[in-house]
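# Analysis of the macromolecular model
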Amino acid sequence: MCVQEELAGTKESIRRLSPLPEVLVGNGRSKPKATLGGGLQPGFYLEQFSGLNALGTGASAEERARFLQVQADQVIQALGSGTSRERLEKIPSKLLRARGPEGRRVRRAVLKGALLVFFTAGYEGKRFVYETARKLGARLVIIDHPDSWSANLVEEGIVDKFIPVDMSQSSDLVFKQALEAIRSMSSNGLGEPDAITTVVELSISTAARLAAELGLPGPAVEAVDKARSKYATREALAAAGLPTPPHVEIKSEDDLQMALSVVGLPAVLKPVSGAASLGIKKVETAEELLPIYRELKHELGSLVVASGALVRDEGHGVGVAAEKVINTRFLMERYLDGHEVDVDIVMSEGEWQYAAVSDNGPTIEPYFQETWSLCPSLLPRHHQVALKELAIGSVKALGFEDGVFHVECKYTSSGPQLIEVNARMGGGLVHMCNLQTWGVDLV
């Protein structure tokens, strides 16, 4: 078919879609434009309808990349001095969140010279966090117990200042002393902090409160408190209409029988605000519920917090009694069968920017010790998608908008279920797995 025939054949279709374009004539009246070979003149409407677009394809991918590079150069050049927050305000949101080399270059330019305060350093295996932050150009301050291994990082040139605070004191005293030390940094020549953060589970709540008190960016205190309480997490998910197993908070032995009637068996007992899978055990019969509860209560009494980690007391006089820093109440919930996974998430402005699923090997029951991890997950794609959606939905249900999260879930016989949300980067091999598998550095 020739072009004229094709144009003529579309005439009636175009008339049905929109009125014909008209032109004014000398007497003020209008009439349809002239036709081409009995058909319509190939103007705007016809070109859009038939695909005969004279506008071209626009900028190529190479031209768009070049434009983004020029824009990044201009933004970085205009950043100047000032706090990170002041420099952030100069950057277009789209460029700040852009994936690829230009987005990374802009974000690193903002981070260069920023003063970051880490509230507690964690165990020595967290060293890579501070090494990475230093390589990115940040200035670092660590607040921790006087005997922390991280005090040596000052001599190594990784950390600018170590501030000792006695972590065996009450939370109120630790908070007040840490706050006073941070406020005095400006007079000591360090300047105003740009952020307060932590990679330690038991320190997240205090770090969030310090940031809020100083008007610095950070997670909402209410969201952190919900995540730190496994009971409050379950309640938040239920309120959001997300999958939630039967559960009861246990404050004393008097609550056990009521909990048993609500939750049923098999069940799991765990500390409301524990960590590191300590103080957790499966309950399979009604007769063993009370002995297991007493066993776990005793175990919690034998734990200490050393370098921010919850560990068993080896009798060396190191660390702070766990009972001083964690809630000793328990959560009893329905046992979840199925395949356990980790979902590592990066959130920004209320939406996820990155989420990856990793498999966890079967835990050793009844204490749920971890065995192995595999990244990426080998689960069917639709299972991974469901787990990822639940993990992201859980983070949002708790009230988080920004940050890095390590979320533990299971794909059970009844579908995806949440285990817990950790408002921090995962420990162990999590950082390395995400970096080597997906090229994403969670630090």
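Up top is the structure.
Residues numbered from 1 in each chain as written. Predicted model: local features only at pLDDT ≥ 70, side-chain atom pairs only at ≥ 80, totals over all residues. Heavy atoms only, no water.

## Examining the environment of asparagine 188
Looking at where asparagine 188 falls in the secondary structure, it is placed in the loop between helix H9 (171–183) and strand S8 (195–197). In this structure asparagine 188 comes out as exposed when scored by relative accessible area, which is 52%. There is a polar contact of 3.2 Å between the side chain of asparagine 188 and the backbone oxygen of serine 184. (Helix = DSSP H or I, 4+ residues; strand = E, 2+ residues; numbered from the N terminus. Buried < 20%, exposed > 50% of the residue type's maximum accessible area, 1.4 Å probe, protein only. Polar contact = N/O pair within 3.5 Å; in protein donor to acceptor, adjacent residues only side chain to side chain.)

## Quick notes on H9
The end-to-end C-alpha distance of H9, which contains 13 residues, comes to 18 Å, matching closely the 18 Å that a straight helix rising 1.5 Å per residue would cover. Taken together, the buried positions of H9 are occupied by Val174, Phe175, Ala178, Leu179, Ala181 and Ile182. Projected down its long axis, H9 shows its buried positions confined to an angular sector of 165°, all on one face. Opposite the packed face of H9, turned more than 90 degrees from it, sit the exposed residues Asp172, Lys176 and Glu180. Where H9 is buried, its residues contact strand S5 (115–119), strand S6 (139–144), strand S7 (161–164), S8 and helix H10 (204–213). (Expected span 1.5 Å × (residues − 1). Arc of directions from axis to C-beta. Contact = heavy atoms within 4.5 Å.)

## Observations concerning the packing of helix H11 (residues 221–228) against helix H12 (residues 230–239)
Axis separation between H11 and H12 bottoms out at 5 Å; the angle between their running directions is 110°. Compared by their axis directions, H11 and H12 come out roughly perpendicular. Residues Lys226, Ala227 and Arg228 of H11 lie in contact with H12, whose contacting residues are Lys230, Ala232, Thr233 and Ala236. For the contact of H11 with H12, the class distribution of residues is 3 nonpolar, 1 polar and 3 charged. (Axes fitted to C-alpha atoms, helices over the stretch in contact; angles between N-to-C directions. Parallel < 35°, antiparallel > 145°, perpendicular 65-115°, else oblique. Nonpolar A, V, L, I, M, F, W, Y, C, P; charged D, E, K, R; others polar.)

## Topic: the sheet that holds S7
The strand order S7-S6-S5-S8 describes an open sheet built from 4 strands, whose pairing is parallel. Two strands lie at the open edges of the sheet, namely S7 and S8, each paired on one side alone. Sheet twist, expressed as the mean angle between neighbouring strand axes with direction ignored, is 20°. Examined bridge by bridge, S5 and S6 share 5 bridges and lie parallel to one another. By the bridge assignment for S6, leucine 116 is matched with leucine 140. Lying on the sheet, H9 is in contact with S5, S6, S7 and S8; it crosses S5 at an angle near 165°. (Pairing = 2+ DSSP bridges.)

## Details of the sheet that holds strand S15 (residues 330–334)
As summarised here, the arrangement of the 4 strands in space is S9-S15-S10-S11, forming an open sheet in which the pairing is antiparallel. The open sheet is flanked by strand S9 (247–250) and strand S11 (281–283), the only strands paired with a single partner. Geometrically, the sheet is characterised by an average inter-axis angle of 25° between neighbouring strands, direction not taken into account. Here 3 bridges tie strand S10 (residues 267–271) to S11, and the two strands are oriented antiparallel to one another. Each residue of the ladder has a partner; that of alanine 267, found in S11, is valine 283. Seen against the sheet, H12 touches S9, S10 and S15 and runs at an angle of roughly 150° to S9. The strands that helix H14 (residues 289–301) touches are S9, S10, S11 and S15; relative to S11, the one it contacts most, it runs at about 170°.

Don't take any of this as a statement about function, it's just geometry.
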